[in-house]
Amino acid sequence: MPTEITLRTSNSTRTVLDLLLPDFERASGHKVTLILDTAKNSLARIKAGERADVAVLLGTSVDALADLGILTATSRQPFARSTIGMAVLKGAPRPDISTVDAFKRTLLNAKSIAHTVYGPSGAYFPGLIERLGIADQVKPKTVTRPGGYIGVVVTAGEAEMAFQQICELLAVPGLDVLGPIPQEIQYHFDSKAALFAESKNQAAGQELLNFFALPDNATKFTATGLGQLKSA
């Protein structure tokens, strides 16, 4: 029987879900409604009592909510791996970020760098520049927003470059993604999917989780800058 499934997620998985969900809806007959917010806000809103049928969030958030009994622990499954990158305005010079030294020089030479405050990549940035020993020089050049696709700050001419998960940078037209930051300082964000324990649509929600794990969907993850994760 066709069912409306509600799915809570954050911006980092929005683009791949935009590719996956139409195929799922055609195949299953179900309708999926996204409830979007930043990763931090999504976790806070769920802890405050907001619910849905399915969650696709950072793995640490899913595990914490499962420990609280809000998500069903046995339904948890890996979803995607995301990496951090940098982007500039399309057609602008492409600075080198391929090594740690090159990345440091790029940040030091940049006129301005945009990052989010509450997104996981944005929260990583202040500690990263501290570890690199360039916080005093770089912090005054940062342009921040609470959340969302920070690349729009670059396309609006309000910053020279953006620091965020590659999947989110790719979602903004008018950017050139320089690539991932060096592996030595890279931070991977692994997301998971799970069912809400109070969901009245458990069967349909499980259908959606099963669909996410299909190997044929790997190309959709790759196209949006993510890697599909599979259960061990």
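Here the structure is a predicted model, which means the values were calculated and not measured.

J.: Help me understand the overall build of the chain, please; the structure alone is not making it clear to me.
T.: When helices and strands are tallied, the chain shows ten helices and eleven strands. Its C-alpha radius of gyration of 18 Å places the chain within 12% of the 17 Å reference for a compact globule of 232 residues. In the chain, 75% of the contacts between residues at least 6 apart in sequence involve partners at least 24 apart. Where the 23 positive side-chain charges of the chain centre and where its 22 negative ones centre are 2 Å apart.

J.: Where do I start with the side chain of Gln228 in this structure?
T.: Looking at where Gln228 falls in the secondary structure, it is placed in strand β11 (residues 226–228). On the basis of relative accessibility, which here comes to 15%, the residue Gln228 falls in the buried class. At a separation of 3.0 Å, a polar atom in the side chain of Gln228 contacts the main-chain carbonyl oxygen of Phe212.

J.: Is there a simple way to think about the packing of aromatic side chains in this case?
T.: Under the counting rule described, the total for this entry stands at six aromatic pairs. Seen in terms of ring centroids, Phe79 and Phe212 are 5.1 Å apart; in terms of plane orientation they differ by 75 degrees. Their pairing is edge-to-face. On the criterion of sequence distance, the pair formed by Phe79 in strand β4 (residues 77–82) and Phe212 in helix α9 (residues 202–212) is long-range, its members being 133 residues apart. Each member of the pair, Phe79 together with Phe212, is buried. Taken together, the aromatic side chains of Phe79, Phe212 and Phe221 make up a single cluster linked through ring pairs.

J.: Explain the sheet that holds strand β1 (residues 4–10) here, please?
T.: Pairing between the strands of a sheet comes from backbone hydrogen bonds, and it takes one of two forms, parallel or antiparallel. Strand order in this open sheet of six strands is β2-β1-β3-β10-β4-β11, and the pairing throughout is mixed. Two strands in the sheet have a free side with no partner beyond their single neighbour: β2 (31–37) and β11. Going across the sheet, the axis of each strand differs from the next one's by a mean of 20 degrees, ignoring polarity. Bridge analysis of β4 against strand β10 (residues 189–195) gives five bridges, and the strand direction is antiparallel. Within the sheet, the bridge partner assigned to Pro78 lies in β10 and is Lys192. On the sheet, helix α1 (residues 14–28) packs against β1, β2, β4 and β11 and is oriented at approximately 170 degrees with respect to β2.

J.: Help me understand the environment of Ala52, please; the structure alone is not making it clear to me.
T.: Along the chain, Ala52 turns up in the loop between α2 (39–47) and β3 (54–58). Assessed through its relative accessible area of 8%, Ala52 is described here as buried. Along the chain, Ala52 and Lys141 lie 89 residues apart, while their C-alpha atoms are 39 Å from each other. If we ignore the near neighbours within four places in the chain, the residues touching Ala52 are Thr6, Leu7, Arg8, Ile35, Phe196 and Ser199.

J.: Looking at this model, I keep getting lost on empty space enclosed by the protein. Mind explaining?
T.: By rolling a water-sized probe across the atoms, one finds the places where empty space is left. Following the criterion strictly, the structure yields one cavity of 30 Å³ or more and no others. In this structure, the largest cavity spans a volume of roughly 200 Å³. Around the largest cavity, the lining is made up of 25 residues, and of these Ser10, Ser12, Ala39, Pro120 and Gln165 lie nearest the centre. For the lining of the largest cavity, the elements supplying multiple residues, two or more each, are β3, β4, α5 (120–131), β8 (161–165) and β10. Of the residues that constitute the lining of the largest cavity, the class distribution is eight nonpolar, 14 polar and three charged.

J.: Teacher, can you tell me more about the sheet that holds β8 here?
T.: The strand order β7-β6-β8-β5-β9 describes an open sheet built from five strands, whose pairing is mixed. The open sheet is flanked by β7 (142–145) and β9 (175–180), the only strands paired with a single partner. Strand-to-strand, the axes of this sheet are offset by a mean angle of 30 degrees, without reference to chain direction.

Reading the values: the criteria
Residues numbered from 1 in each chain as written. Predicted model: local features only at pLDDT ≥ 70, side-chain atom pairs only at ≥ 80, totals over all residues. Heavy atoms only, no water. Helix = DSSP H or I, 4+ residues; strand = E, 2+ residues; numbered from the N terminus. Rg over C-alpha atoms; globule rule 2.2 N^0.38 Å. Contact = heavy atoms within 4.5 Å. Lys, Arg positive; Asp, Glu negative; His and termini not counted. Charge placed at Lys NZ, Arg CZ, Asp CG, Glu CD. Buried < 20%, exposed > 50% of the residue type's maximum accessible area, 1.4 Å probe, protein only. Polar contact = N/O pair within 3.5 Å; in protein donor to acceptor, adjacent residues only side chain to side chain. Phe/Tyr/Trp six-rings, centres within 6.5 Å; stacked < 30°, edge-to-face > 60°. Pairing = 2+ DSSP bridges. Axes fitted to C-alpha atoms, helices over the stretch in contact; angles between N-to-C directions. 1 Å grid on protein atoms, 1.4 Å probe; cavity = no way out; pocket = protein on both sides within 12 Å on 5 of 7 lines; lining within 4 Å. Points joined across faces, edges and corners; volume = space filled by probe spheres on them. Nonpolar A, V, L, I, M, F, W, Y, C, P; charged D, E, K, R; others polar.

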